[in-house]
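As a plain string of letters, each chain reads:
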Amino acid sequence: MEFPFVGSSSQAGYRGRFAPTPSGPLHLGSLLTALASYLQARQQKGRWLLRIDDLDRPRIAADAEGRILRQLEAHGLLWDDPPRRQSDHLPDYHAALDRLRAQGLIYACACTRAQLMQQSLPGPDGLVYNGHCRGLGLPEEGLALRLRVPTERLQIIDAGQGGQSRQLERELGDFVLRRRDGIFGYQLACAVDEHAQGITEVVRGVDLLSSTFFQLHLMHRLRLRVPSYRHLPLLTDTGDRKLSKQNHAVAIEESQASHNLSLCLELLGQNPPPALKRASVTEIVAWGITHWSAERIPKRHSLVVGSL
Ligand SMILES: [Zn+2]
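How each quantity is defined
- Numbering of residues starts from 1 in every chain and runs along the sequence as written.
- Only residues with pLDDT of 70 or above have their local features reported here, since the model is predicted, and side-chain atom pairs are shown and tallied only from 80 upward, although totals for entire chains, interfaces and linings are computed over all residues.
- Numbering goes from the N terminus for both helices and strands, where a helix is a DSSP run of H or I of at least four residues and a strand is a run of E of at least two.
- It is over C-alpha atoms that the radius of gyration is taken, and the globule rule equals 2.2 Å times the number of residues to the power 0.38.
- In this scheme every C-beta is placed from the backbone, and a residue whose C-beta has 20 or more other C-beta atoms within 10 Å is buried, one with 12 or fewer is exposed, and one in between is partly exposed.
- Think of it this way: DSSP has to see at least two bridges between two strands before they count as a pair.
- Helix axes use the C-alpha atoms of the stretch in contact, all axes being lines fitted to C-alpha atoms, and the angles between their N-to-C directions lie in the range 0 to 180 degrees.
- By the convention adopted here, residues are in contact when the distance between their C-beta atoms, placed from the backbone, does not exceed 7 Å.
- Those domain boundaries reflect an automatic or database domain assignment.
- Side-chain classes follow a simple rule in which Ala, Val, Leu, Ile, Met, Phe, Trp, Tyr, Cys and Pro form the nonpolar group, Asp, Glu, Lys and Arg form the charged group, and the remainder, Gly included, forms the polar group.
- In this description, a nonpolar core means buried residues of the types Ala, Val, Leu, Ile, Met, Phe, Trp, Tyr and Cys, linked to one another by C-beta atoms lying within 7 Å.
- Small angles under 35 degrees read as roughly parallel and large ones over 145 as roughly antiparallel, with 65 to 115 read as roughly perpendicular and the rest as oblique.
- Each crossing gets its hand from how the near helix is turned against the far one by less than a right angle, where anticlockwise is left-handed and clockwise is right-handed.
- What the arc measures is the spread of directions leading from the helix axis to the C-beta atoms.

Draft legend 1. Region of interest: the overall build of the protein. The helix and strand inventory of the protein stands at 9 helices and 14 strands. Over its C-alpha atoms the protein spans a radius of gyration of 20 Å, differing by no more than 12% from the 19 Å that the globule rule assigns to 308 residues. Along the first, second and third principal axes, the C-alpha set of the protein runs to 65 × 45 × 40 Å. Within the protein, the proportion of its 308 residues that are buried is 37%.

So, in structure tokens, the structure goes:
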């Protein structure tokens, strides 16, 4: 990939994406995100791309990617182009890291997890690294690499959550670009990939809102094109727990695709007619494309689902 980014010659039109981590099958929360980003792209006659976030090897389950692809197909969410597998693009992340290093923005951090817990300060999105290793000039070998962030405040108008801002140093802190085990961090890979895939709008869960500021900062530093953002409410169970793989949310069944799609359309505020539940997957998705209105998505942080 070439740096810096110099224009959008061949990338006219809307380009959205869905980027699952193959650590397990899709659950209803991930289907909701996939469906919203799919309909948002298709209604605008745009392209919908798939990215497999498979860098975090210890978390990857051997059979998960195949299952995710089958789940998407069964739910009528068909993607354009071959999926972009992050593990196939390590040179892109190396190149981005080299550019940041050349700008003098990278330093090695030797802090252990216990030290981080002790030193870090509370921020709006979790613990904030206090910059302990910033001036130490430690050798990079075998250590985590962090990006030095300025005191600048970044602001966005999020299409789903409205105006948002974070002060980089105080509220987010110097963050990890490459872990001590050599694995590239989510923020770096995601910023590079949005550019590489020419993404014009990112539609994803509001749990990733704080990541947006890390990624925006990286995009500015690497001179990558910045997409617009729409963060969706998260699905929670009746006990206010986010549906996630970590919470052992149940996998969506391919055989229940019509039911799952209808339920997601309802949760997304699209008011599907009751008869649609009995329609085929193709008919439901076609109805969704015709009637989709992102403005009707509830402007909340969470949506409660009862029994699944
Ligand atoms: Zn440190």
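Draft legend 2. Examining the sheet that holds strand β3 (residues 80–85) more closely. Read across the sheet, 3 strands follow the order β1-β2-β3 without closing on themselves; strand pairing throughout is parallel. Each having just a single partner strand, β1 (15–18) and β3 make up the two edges of the open sheet. With strand direction ignored, the average angle separating the axes of adjacent strands in the sheet is 30 degrees. Of the strand pairs in this sheet, strand β2 (residues 47–52) and β3 are connected by 3 bridges, and their pairing is parallel. Looking at the pairing, R51 lines up with R84 of β3. Along the sheet, helix α1 (residues 28–43) makes contact with β1 and β2, crossing β1 at roughly 165 degrees.

Draft legend 3. View of the sheet that holds strand β10 (residues 175–178). Strand order in the open sheet formed by 3 strands is β4-β7-β10, and the pairing between neighbours is antiparallel. Here the strands that pair on one side only, and so sit at the sheet edges, are β4 (106–109) and β10. For this sheet, the mean angle separating the axes of adjacent strands, direction not counted, is 50 degrees. Relative to strand β7 (residues 144–147), β4 runs antiparallel, the two being bridged by 4 bridges. For I106, the partnering residue across the bridge sits in β7 and is L147.

Draft legend 4. Region of interest: the domain arrangement of the protein. On domain assignment, one finds that the protein holds domain 1 (15–87 + 197–303) and domain 2 (92–186). Computed from C-alpha atoms alone, the centre-to-centre distance between domain 1 and domain 2 is 27 Å. Counting only elements with at least two residues in the side of domain 1 that touches domain 2, the list comes to α7 (209–222) and β12 (228–232). Top element by residues in the side of domain 1 that touches domain 2 is α7. It accounts for 10 residues. Class assignment for the residues of the side of domain 1 that touches domain 2 results in 11 nonpolar, 6 polar and 5 charged.

Draft legend 5. Quick look at the nonpolar core. Grouped together as the largest cluster of nonpolar side chains are 37 residues, with contacts concentrated most on L32, L35, A36 and C264. Of the residues forming this core, the biggest block, 8 residues, is contributed by α1. Non-local contacts of L32, meaning those with residues more than four positions away in its chain, are made with L232, L235, C264, L267 and L268. Of all hydrophobic cores here, the second largest spans 26 residues; its members include L145, V149, L177 and F184.

Draft legend 6. Quick look at the environment of L232. Along the chain, L232 turns up in strand β12. The exposure class assigned to L232 is buried, which follows from the 27 C-beta atoms found within 10 Å. When the C-alpha positions of L232 and L32 are compared, they lie 9.0 Å apart, and in sequence the two are 200 residues distant. If we skip the residues at most four places from it in the chain, L232 touches L32, T33, A36, G160, V203, R204, G205, V206 and I297.

Draft legend 7. Structural view of the packing of helix α6 (residues 186–196) against α7. Running from amino to carboxyl end, α6 crosses α7 at an angle of 60 degrees, the nearest separation of the two axes being 9 Å. Taken together, the axis directions place α6 and α7 in an arrangement best described as oblique. At the point where α6 passes α7, the crossing takes the right-handed sense. Side by side, α6 and α7 meet where Y186, Q187, L188, C190 and A191 of the first sit next to S211, F214, Q215, L218, M219 and L222 of the second.

Draft legend 8. Molecular detail of helix α2 (residues 64–74). Among the residues making up α2, those that are buried are A64, I68, Q71 and L72. For α2, the buried positions fall inside an angular range of 95 degrees around the axis, keeping them on one side. Of the surrounding elements, those touching the buried residues of α2 are α1. Two residues or fewer after α2 comes G76, characterised by a positive phi angle close to 75 degrees.

Draft legend 9. Representation of the environment of Y93 within the structure. Considering the arrangement of structural elements, one finds Y93 in helix α3 (residues 90–102). On a C-alpha basis, the gap between Y93 and A189 in space is 6.2 Å, while along the polypeptide they are 96 residues apart. In contact with Y93, other than residues within four places in its own chain, are F184, L188, A189 and V192.

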